[in-house]
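# Coordinate inspection notes
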There are 2 protein chains.
Amino acid sequence: MATDLETLKHAPAELGLNELLAQRWSPRSYADKLVSDSDLKTILTAAGWAASSMNEQPWRFLVGRRGHDTYDKIFDTLMPGNQAWVSTVPLLIATIARKTFTPRGDEEAKPNGWAMHDVGAASANMCLQAISLGIHTHGMAGFNREQLRANFNIPEGYEVCAVWAMGYLGSPEVLPEHYKAMETSARTRKPLSEYVFTHWEEAAKL
Amino acid sequence: MATDLETLKHAPAELGLNELLAQRWSPRSYADKLVSDSDLKTILTAAGWAASSMNEQPWRFLVGRRGHDTYDKIFDTLMPGNQAWVSTVPLLIATIARKTFTPRGDEEAKPNGWAMHDVGAASANMCLQAISLGIHTHGMAGFNREQLRANFNIPEGYEVCAVWAMGYLGSPEVLPEHYKAMETSARTRKPLSEYVFTHWEEAAKL
């Protein structure tokens, strides 16, 4: 089943995407299998090798394994709809952005207008390194940002970004009915003409 | 020379990163060689297969080839320090985020608090698909966001994110002296203990 699903969710071969990029998708069904510390270390190291403005590396990752306090404090903030499928996920990761550049010497910390952007880039790297190790990821915006901030005492200079589920692919059979249908439907994306322009909203000829 | 540089800039092999992630870096020296339409199409398609909140795909890419109006309107906004090395770059891309979710039916457009984040993820995909085709990228925050908005009449509901240089690697010999040194120095990243936590600012044991 897992293999059929991976074929279905693979980006269409005719697009010619690199295999790593074509294989990544966002499952909701996870197997009862742990991600090793060694793999997790590689995955988060890969995240850290993303590009960032001034090489600030504004990303912070809060990593929780199921059964541990950190996991519970992340899970607690998820919308009920996400909690419904996340309960089988072995690993939850919250991403945070430092909103200012690290000051040099005595200077004041300047706002980093690319902090969220760069955390997004690091997170994409995380997902891709994960899939290269056979590990899946699913990013969520459906959680309470302020509750997550409170649960971890995250100071004001940081912004809560996203919550990520991470683990090995499981069977969609265990999912609630509504999610089972989403899990087994094809992926869709906008055509290039809707997002690649030469002038504003004027499609590039490619 | 290009090959030596690529060895120097490769993430350290002992980190065990996937080759695609390990190879990506941000050069400032570009060869006088065009990126084909076909490769550019694949690269921007790969960007579009990134994950995004609600599958909104909030990204827009303004793509300019050297000698064309779009290129000039992007180049014009760059800080002089970036203009100094960008002048040999064959392709400039500005990234934009739609700040609201596309409304369904008659509902009002709701703010998308993940727009910049998701454009960052799509941009990471772009860079990785590019490097898989032997094409390099360099993201810049050093440009005038409001001038870019004005040059393209980008409406208020959108946020200007970054400008990307894209092309084939050239020789650092053509760079201004200051950049030549940066181009030929090793890459550095924070250790995991500075950005992977189980509690706030408490390093995860990995």
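Preceding block: the structure.
Here goes a summary of the coordinates provided. (Residues numbered from 1 in each chain as written. Chains lettered and ligands numbered in written order. Predicted model: local features only at pLDDT ≥ 70, side-chain atom pairs only at ≥ 80, totals over all residues. Heavy atoms only, no water.)

### Some details on the side chain of B:Ser123
One can find B:Ser123 in helix α6 (residues 115-132). The residues touching B:Ser123, leaving out its near neighbours within four places in the chain, are A:His117, B:Thr95 and B:Trp164. (Helix = DSSP H or I, 4+ residues; strand = E, 2+ residues; numbered from the N terminus. Contact = heavy atoms within 4.5 Å.)

### Brief notes about the interface of chain A and chain B
The partner chain B presents 73 residues to the 73 residues of chain A that form the contact. Both sides together, the interface formed by chain A and chain B hides about 6400 Å², and carbon and sulfur atoms give 62% of it. Of all residues in chain A, A:Trp49, A:Tyr195 and A:Trp200 give up the largest surface area on contact with chain B, accounting jointly for 15% of the area buried on that side. Taken together, the connections running from chain A to chain B amount to 34 residue pairs in polar contact (both at pLDDT 80 or more). Elements that contribute at least two residues to the side of chain A that touches chain B include exactly α2 (19-23), α3 (37-48), β1 (59-65), α4 (69-75), α6 (115-132), α7 (145-152), β4 (158-167) and β5 (196-199) of chain A. Among the elements that line the side of chain A that touches chain B, the one with the most residues is α6(A), at 11 residues. Tallied by class, residues from the side of chain A that touches chain B come to 38 nonpolar, 21 polar and 14 charged. (Buried area = accessible area lost by both parts, 1.4 Å probe. Polar contact = N/O pair within 3.5 Å; in protein donor to acceptor, adjacent residues only side chain to side chain. Nonpolar A, V, L, I, M, F, W, Y, C, P; charged D, E, K, R; others polar.)

### Comments concerning the side chain of B:Lys9
Mapping B:Lys9 onto the fold places it in helix α1 (residues 2-9). Despite its burial, B:Lys9 pairs with no opposite charge, the nearest such side chain being B:Glu183 at 5.7 Å. (Buried < 20%, exposed > 50% of the residue type's maximum accessible area, 1.4 Å probe, protein only. Lys, Arg positive; Asp, Glu negative; His and termini not counted. Salt bridge = Lys/Arg side-chain N within 4 Å of Asp/Glu carboxyl O.)

### So, helix α3 (residues 37-48) of chain B
An ideal rise of 1.5 Å per residue puts 16 Å on 12 residues; α3(B) measures up with 16 Å between its terminal C-alpha atoms. Judged by how many residues are buried, α3(B) sits mostly within the fold: nine of 12 residues are covered. Looking at the buried side of α3(B), the elements it contacts are α2 and β5 of chain A together with β1 (59-65), β2 (91-98), α6 and β4 (158-167) of chain B. (Expected span 1.5 Å × (residues − 1).)

### Brief notes about the pattern of salt bridges
All names here are of chain A. All chains considered together, the criterion is met by 16 salt bridges over all chains. For Glu-56, the salt bridge identified is with Arg-98, shortest N-O distance 3.9 Å. Here Arg-98 lies in strand β2 (residues 91-98) and Glu-56 lies in the loop between α3 and β1, a separation of 42 residues in the sequence. Residue Arg-98 is classed as buried on the basis of its relative accessible area of 16%. One salt bridge in this structure joins Lys-73 and Asp-69, with 3.8 Å as the shortest N-O distance. Pair noted here: Lys-73 and Asp-69 are both in helix α4, with a separation of four residues, about one helical turn.

### Details of the packing of α3(A) against α6(A)
Residues and elements named next belong to chain A. It is the contact of α3 with α6, at a shortest axis distance of 7 Å, that shows an interaxial angle of 145 degrees. As α3 packs across α6, the resulting crossing turns out to be right-handed. Mapping the contact onto sequence places Thr-42, Ile-43, Leu-44, Ala-46 and Ala-47 in α3 and Ala-122, Asn-125, Met-126, Gln-129 and Ala-130 in α6. Classifying every residue of the contact of α3 with α6 by side-chain character gives seven nonpolar, three polar and no charged. (Axes fitted to C-alpha atoms, helices over the stretch in contact; angles between N-to-C directions. Left-handed = near helix turned anticlockwise from the far one by under 90°.)

### Things to note about α6(B)
Residue and element names in this part refer to chain B. For α6, which comprises 18 residues, the first-to-last C-alpha distance of 26 Å matches the rise-based estimate of 26 Å (1.5 Å per residue) to within 8%. For α6, the buried fraction is high: 17 of the 18 residues fall into the buried class. After α6 finishes, the residue Gly-134 shows a positive phi value of roughly 80 degrees.

### Re the state of the cysteines
Residue and element names in this part refer to chain A. If you walk through the whole model with that rule in mind, you get zero disulfides over all chains. Considering cysteine sulfurs only, Cys-161 is the nearest to Cys-127, which forms no disulfide, with 13 Å between them. Judged by relative accessible area, Cys-127 falls into the buried class, the value being 2%. (Disulfide = S-S within 2.5 Å.)

### Topic: the sheet that holds β1(B)
Overall, mixed pairing links the six strands, which are arranged β6(A)-β5(A)-β1(B)-β2(B)-β4(B)-β3(B) in an open sheet. Of all strands in the sheet, those bounded by a partner on one side alone are β6 (202-203) of chain A together with β3 (136-140) of chain B. Relative to β2(B), β1(B) is paired through seven bridges, and the arrangement is antiparallel. Bridge pairing in β2(B) places B:Trp59 opposite B:Ala97. In the packing of α3(B) onto the sheet, the strands contacted are β5 of chain A together with β1, β2 and β4 of chain B, and the crossing angle to β1(B) comes to about 165 degrees. (Pairing = 2+ DSSP bridges.)

Note that all results are geometric; they support no functional claim without further evidence.
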